[in-house]
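Structural description and commentary
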2 protein chains.
Amino acid sequence: MNDETDKGMSCDWIPGGEPEGTATAISGDAPGNRSVIYPFAGDFTWAGVPQERYKAEDGTWAAIARTVLIGARGESALFDLRYFEIAPGGHSSLEKHEHEHVVICIRGRGTLLIDGTLAELNFLDTAYLAPNDPHQLCNPFDEPFGFFCIVNHHRDRPRPPDEKELRALLSGAAARGIRP
Amino acid sequence: MNDETDKGMSCDWIPGGEPEGTATAISGDAPGNRSVIYPFAGDFTWAGVPQERYKAEDGTWAAIARTVLIGARGESALFDLRYFEIAPGGHSSLEKHEHEHVVICIRGRGTLLIDGTLAELNFLDTAYLAPNDPHQLCNPFDEPFGFFCIVNHHRDRPRPPDEKELRALLSGAAARGIRP
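Here the residue index of a chain counts from 1 through its sequence in written order. Going through the entries in the order they are written, you letter the chains from A and number the ligands from 1. Local features are withheld for residues below a pLDDT of 70 in this predicted model, meaning they are given only at 70 or higher, and side-chain atom pairs are given and counted only at 80 or more; totals for whole chains, interfaces and linings count all residues. Heavy atoms from the whole structure form the basis of all side-chain values; hydrogens and water molecules are not counted.

An unreviewed UniProt entry lists chain A under the name Cupin type-2 domain-containing protein, with Desulfuromonas soudanensis given as the organism.

What to know about the pattern of salt bridges
Residue and element names in this part refer to chain A. Heads up, the condition is: What makes a salt bridge here is a side-chain nitrogen of Lys or Arg within 4 Å of a carboxyl oxygen of Asp or Glu, nothing more. Numbering goes from the N terminus for both helices and strands, where a helix is a DSSP run of H or I of at least four residues and a strand is a run of E of at least two. Relative accessibility thresholds used throughout: buried, under 20% of the residue-type maximum; exposed, over 50%; partly exposed, between the two (1.4 Å probe, protein chains only).
For the structure on display, the rule yields 14 salt bridges over all chains. A salt bridge links Lys96 to Glu165; the shortest N-O distance between them is 2.9 Å. With Lys96 in the loop between β5 (79–86) and β6 (101–107) and Glu165 in helix α2 (residues 163–171), the pair connects residues that are 69 residues apart, well separated along the chain. The exposure class assigned to Glu165 is partly exposed, which follows from its relative accessible area of 21%.

Looking at the pairing of strand β10 (residues 135–138) of chain B
Put simply, side chains in a regular strand alternate between the two faces of the sheet. All names here are of chain B. Note the threshold: Paired strands are those between which DSSP finds at least two bridges.
By the alternation rule, side chains of β10 split into His135 and Leu137 and Gln136 and Cys138, which are all buried. Where strand β7 (residues 110–114) and β10 come together, four bridges link them in antiparallel fashion. What sits directly across from Ile114, in β10, is His135.

Quick notes on the interface of chain A and chain B
Interface size is often expressed as the accessible area that is lost when the parts come together. Applicable threshold: Here, two residues are considered to be in contact whenever any of their heavy atoms come within 4.5 Å of each other. As a working definition, buried area equals the accessible area (1.4 Å probe) given up by two parts on being put together, with both sides summed. N or O atoms closer than or at 3.5 Å make up a polar contact, with two conditions inside protein: a donor-capable atom paired with an acceptor-capable one, and, for residues adjacent in sequence, both atoms drawn from side chains. Residue polarity is assigned by list, with Asp, Glu, Lys and Arg as charged and Ala, Val, Leu, Ile, Met, Phe, Trp, Tyr, Cys and Pro as nonpolar; anything else, Gly included, falls into the polar class.
Tallying the contact residues gives 44 residues for chain A and 44 residues for chain B. Overall, the association of chain A and chain B removes approximately 3600 Å² of surface from exposure, summing both partners, and the carbon and sulfur fraction of that is 69%. Contact with chain B buries area across many residues of chain A, yet Phe79, Leu124 and Tyr128 of chain A alone supply 19% of it, more than any other trio. The tally of links between chain A and chain B comes to zero salt bridges. Counting the contacts that link chain A with chain B gives 22 residue pairs in polar contact (both at pLDDT 80 or more). Of all the secondary structure elements, the ones that give two or more residues to the side of chain A that touches chain B are β2 (36–38), β4 (64–70), β5, β6, β7 (110–114), β8 (117–121), β9 (126–129) and β11 (145–152) of chain A. When grouped by side-chain class, the residues that make up the side of chain A that touches chain B number 31 nonpolar, seven polar and six charged.

Thoughts on the relation of the copies chain A and chain B
Note the threshold: When the copies are overlaid, the least-squares fit takes in C-alpha atoms only where the residue has pLDDT of at least 70 in both copies.
In the superposition of chain A on chain B (RMSD 0.0 Å, axial shift 0.0 Å), the rotation amounts to 180°. Taken together, the rotation angle and the small translation identify this as a two-fold axis. A shared binding surface is used by both copies, with 100% of the interface residues of chain A retained as interface residues in chain B.

Thoughts on the nonpolar core
Definition in use: Take the buried residues of types Ala, Val, Leu, Ile, Met, Phe, Trp, Tyr and Cys, join any two whose side-chain atoms come within 4.5 Å, and each joined set is a nonpolar core.
Judged by nonpolar contacts, the single largest core of 40 residues is most densely connected at Trp46 and Phe148 of chain A together with Trp46 and Phe148 of chain B. Ignoring any residue separated from it by four or fewer positions in sequence, one finds Phe148 of chain B in contact with Ile104 and Leu124 of chain A together with Trp46, Leu69, Leu81, Arg82, Tyr83, Val102, Val103, Ile104 and Ile106 of chain B.

Looking at the side chain of Thr111 of chain A
All names here are of chain A. Relative to the assigned elements, Thr111 resides in strand β7. You can call Thr111 buried: its relative accessible area is 11%. Sequence-distant contacts of Thr111, defined by excluding residues within four places in its chain, comprise Leu118, Ala119, Glu120, Gln136, Leu137, Cys138, Pro140, Phe141 and Phe145.

Overview of the pairing of β9 of chain A
Side chains Thr126 and Tyr128 of chain A of β9 of chain A all project onto a buried face; the interleaved residues Ala127 and Leu129 of chain A project onto the opposite face, where all are buried too. Relative to β9 of chain A, β6 of chain A runs antiparallel, the two being bridged by four bridges. Paired with His101 of chain A across the bridge in β9 of chain A is Leu129 of chain A. Pairing between β9 of chain A and strand β2 (residues 36–38) of chain B: three bridges, direction antiparallel. Within β2 of chain B, the position partnered with Tyr128 of chain A by the bridge is Val36 of chain B.

Some remarks on the UniProt feature "domain: Cupin type-2" (unreviewed entry) in chain A
Formally: UniProt positions are given in the numbering used here, feature names are shortened, and annotations may be inferred rather than shown by experiment.
Residues annotated in UniProt with the feature "domain: Cupin type-2" (unreviewed entry) correspond here to residues 83–151 of chain A. Overall, residues 83–151 of chain A shows 0% helix and 52% strand. The separation of its end C-alpha atoms is 11 Å.

Quick look at unusual backbone geometry
Across residues other than glycine, the phi torsion is negative in most instances, and most of the peptide bonds are trans. Despite not being glycine, Asn132 of chain A shows a phi value in the positive range, around 70°. Position of Asn132 of chain A relative to the elements: it lies in the loop between β9 and β10 (135–138). Even without glycine at this site, Phe44 of chain B takes up a positive phi of about 60°. On the secondary structure map, Phe44 of chain B appears in the loop between β2 and β3 (51–54). Exposure remark for Phe44 of chain B: the relative accessible area of 12% places this residue in the buried category.

Structure below.
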């Protein structure tokens, strides 16, 4: 088993892949630091934006997919906009980092474990995840759970919670929502 | 007539107002730099987040409203997340600035004039507005046009296009979409 299967995917994978479809470049050639419109394709993909699909080791379901809408093509903004989609049964790693997350649910529903609290996220529910609060996003439901995640462009790497944090999490009321 | 009626509202008003409803503070008391969930109230407001409504001088319609979801309550992220809603017939100022915009349509539809191109924005269409590209958002339709707008937290003040830019815009194919 590899880390992806064991722990779910981190919320901070390295971008990759090539764009599919066609964006509307406004000035000059996209990609780059130029105005551009990415039309929504109706299936939670965007024309001109690559989607990275990951599969669990057994290959029977896509645990999670990432789409970097803004931040991977030379934009000068200080933030990145990503769309993540977690398949039924999937989850992200339980982790923490210095950088903040802003999470906006736009498809289905899921759970957010944040610093010992377990909450359900539904359409357009918006969460601010403060620095160093351990967190995990899960999809225990039957439909895909999709959300925007906004982060600083320059950010630290995620780390697992330390022993004390993990003990506190596992002894708390939200422990039932944690995925190993 | 005042500037609001003449030119529409800038996309960078100064935050104000008081929260309504109840957010789910995860650690300590919100507001502040703490993890928090703002549940969507179903009517394009969020529990615990104030909404600023502006009315045109004649008072017959709300031209535009702003909700600062992230960035006005002590968060340390380098970006702000705002929700704007433009009533039918309303529009923002035609302006430019050094800082970037990321715009995501989440309610109804509207038009985006960006650097001489006029495009319709529909659900989840996402736009990147590069530095100093003159732009304007309009709602020529019959329903409210609502969109997220993400910006750097520290940013310059909007300015009108200069004469050369304005001439170029008015002589272009997109001129029909410009509101005075």
